[in-house]
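Structural characterization, general
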Amino acid sequence: MPSTIPIAALTDWLHRYRDAVVDKRDWLTELDSAIGDADHGANMARGMTAAVEKVEQTSPATTDELFKTVGMTLVSTVGGASGPLYGTFFLRLGAALGTETAVGPEALAAGLRAGLDGVVARGKAEPGDKTLFDAMSPARAALDAAVAEGADPATATARAAAAAAEGRDATIDLVARKGRASYLGERSAGHLDPGSASATMLFETLASAVAAAS
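Residues numbered from 1 in each chain as written. Predicted model: local features only at pLDDT ≥ 70, side-chain atom pairs only at ≥ 80, totals over all residues. Heavy atoms only, no water.

1. With respect to the overall build of the protein chain
Here is the rule: By the criteria applied, helices consist of DSSP H or I runs no shorter than four residues and strands consist of E runs no shorter than two, each listed in order from the N terminus. For each residue, the accessible area found with a 1.4 Å probe, counting protein chains only, is set against the maximum for its type, and the residue is called buried under 20%, exposed over 50%, and partly exposed in between. Per-residue and other accessible areas were derived by the Shrake-Rupley procedure at a 1.4 Å probe size, with only the shown protein chains allowed to occlude residues.
Helices and strands together make up the secondary structure of the protein chain, namely 9 helices and 2 strands. Split into buried and exposed, the 214 residues of the protein chain put 52% on the buried side. Here the protein chain displays about 8900 Å² of accessible surface, and carbon together with sulfur accounts for 52% of that area.

Structure (structure tokens):
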């Protein structure tokens, strides 16, 4: 198994994530219609489509350029909370990875930690708030643990994706404490959080891109 992830695989990740949110746009919007503004699917599909188009136009050669391109595009094209949160995630990820053309597991883990820290700084989310944090945080923790055990990138990212899905599913029983969903109070329980759903797709497509490159 390769011990590093080339920038081509990271670019493939972005394409796969774009395809996933476009494919699941209606489902994400359905989730959001229950507890939010009913625009999460459309916003994410529009933002990732624009981001991938920008990547294809500019062909970034390094990881910082790649993820800065994505982050800036999301911030400028996605409305609501999604644009700033995901945009910040990718901007912090790129800044942490630096001017590399391939990324090892430790660097990837550090980059994802930086991305999550950016999400927390921007959204002030905490565990149990019923947000994308509830999928991202366990995914990051699982990746860190796998890397500490010496797992290869494919194994580490697969564990992260599985942890994200568990965190996503756990949001069903939570009462929202952030965003539009928090206005519903107890009525927000019983619904899957749309942000946690799109965040899980983020880690699932990362795992599939890394596996395809292995």
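2. Considering the packing of helix α1 (residues 7-23) against helix α4 (residues 63-77)
Stated formally: Interaxial angle, 0 to 180 degrees, is taken between N-to-C directions of lines fitted to C-alpha atoms, where a helix line uses only the stretch in contact. For classification, angles of less than 35 degrees are called roughly parallel, those exceeding 145 degrees roughly antiparallel, those between 65 and 115 degrees roughly perpendicular, and all remaining angles oblique. The contact definition used throughout considers only heavy atoms, calling two residues in contact when any of these lie within 4.5 Å. When residues are sorted by character, Ala, Val, Leu, Ile, Met, Phe, Trp, Tyr, Cys and Pro go into the nonpolar class, Asp, Glu, Lys and Arg into the charged class, and all the rest, Gly among them, into the polar class.
Two numbers describe how α1 lies on α4: the axes approach to 10 Å, and their chain directions differ by 10°. Regarding the angle of α1 to α4, the classification is roughly parallel. Of α4, the residues touching α1 (which contributes Ile 7, Leu 10, Thr 11, Trp 13 and Leu 14) are Thr 63, Leu 66, Phe 67 and Val 70. Here the contact of α1 with α4 is composed, by residue class, of 7 nonpolar, 2 polar and no charged.

3. Examining the packing of aromatic side chains
For the record, the criterion: Pairing of aromatic side chains here covers Phe, Tyr and the six-membered ring of Trp, requires ring centres within 6.5 Å, and sorts the geometry by plane angle: under 30 degrees stacked, over 60 edge-to-face, intermediate tilted.
The final tally for this structure, using the stated rule, is 5 aromatic pairs. Aromatic side chains Phe 67 and Phe 90 sit 6.0 Å apart centroid to centroid with 10° between the ring planes, which places their arrangement in the stacked category. Taken together, the positions of Phe 67 in helix α4 and Phe 90 in helix α5 (residues 82-97) put the pair 23 residues apart, joining distant regions of the chain. Through a chain of ring-to-ring contacts, three or more aromatic side chains come together here, namely Trp 13, Phe 67, Phe 89 and Phe 90.

4. A few points about unusual backbone geometry
Where the residue is not glycine, phi is negative for most of them; where a peptide bond is considered, it is trans in most cases. Phi is positive for Ser 59, close to 45°, though the residue is something other than glycine. Within the element layout of this structure, Ser 59 appears in the loop between α3 (40-58) and α4.

5. Structural notes on the nonpolar core
To keep it simple, the criterion reads: Remark: nonpolar core denotes a set of buried residues (Ala, Val, Leu, Ile, Met, Phe, Trp, Tyr, Cys) joined through side-chain atoms within 4.5 Å.
Residues Phe 90 and Met 136 are the most contacted members of the largest nonpolar core, which totals 58 residues. If you tally residues by element for this core, the top one is helix α9 (residues 194-213), at 9 residues. If near-sequence neighbours (up to four positions away) are discounted, Phe 90 is found in contact with Trp 13, Leu 14, Phe 67, Val 70, Gly 71, Leu 74 and Leu 202.

6. Structural notes on helix α6 (residues 105-123)
Just so we agree on the cut-off: The length a helix should cover is 1.5 Å for every residue beyond the first.
The terminal C-alpha atoms of α6, which comprises 19 residues, lie 27 Å apart, in line with the 27 Å expected from a rise of 1.5 Å per residue. Buried residues in α6 make contact with β1 (5-6), α5, β2 (102-103), α7 (133-148), α8 (153-170) and α9. In the stretch just after α6, Lys 124 is the one whose phi turns positive, near 55°.

7. A closer look at the packing of α5 against α9
Rule in force here: A crossing counts as left-handed when the near helix is turned anticlockwise from the far one by less than a right angle, and as right-handed when that turn is clockwise.
At a minimum axis distance of 12 Å, the contact between α5 and α9 shows a crossing angle of 30°. The angle between the axes of α5 and α9 places the two elements in the roughly parallel class. Helix-helix and strand crossings are classified by hand; for α5 and α9 the assignment is right-handed. Of the residues in α9, those touching α5 at Tyr 86, Phe 89 and Phe 90 are Gly 195, Ser 198, Ala 199 and Leu 202. Per-class residue counts for the contact of α5 with α9 are 5 nonpolar, 2 polar and no charged.

8. Quick word on α4
A rise of 1.5 Å per residue sets the reference length of α4, with its 15 residues, at 21 Å; its end C-alpha atoms lie 21 Å apart and thus fit the reference within 8%. Buried residues along α4 sit in contact with α1, α3, α5 and β2.

9. Some remarks on the pattern of salt bridges
The cut-off we apply is this: The term salt bridge refers to a pairing of a side-chain nitrogen on Lys or Arg with a carboxyl oxygen on Asp or Glu at a separation within 4 Å.
Using the criterion set out here, one finds 6 salt bridges in the structure. We note a salt bridge from Asp 19 to Arg 18, for which the minimum N-O separation is 2.7 Å. Here Asp 19 falls in the partly exposed class, since its relative accessible area comes to 43%. The class of Arg 18 is buried, set by a relative accessible area of 17%. With its nearest N and O atoms 2.7 Å apart, the salt bridge here joins Arg 140 to Asp 144.

10. Here's the deal with the confidence of the model for the protein chain
Applied cut-off: In predicted models, pLDDT denotes the confidence assigned by the predictor to each residue on a 0 to 100 scale.
Across the protein chain, the average pLDDT comes to 88, with 88% of residues at 70 or higher. Per-element confidence in the protein chain ranges from a low mean pLDDT of 83 for helix α2 (residues 25-35) to a high of 97 for α1.

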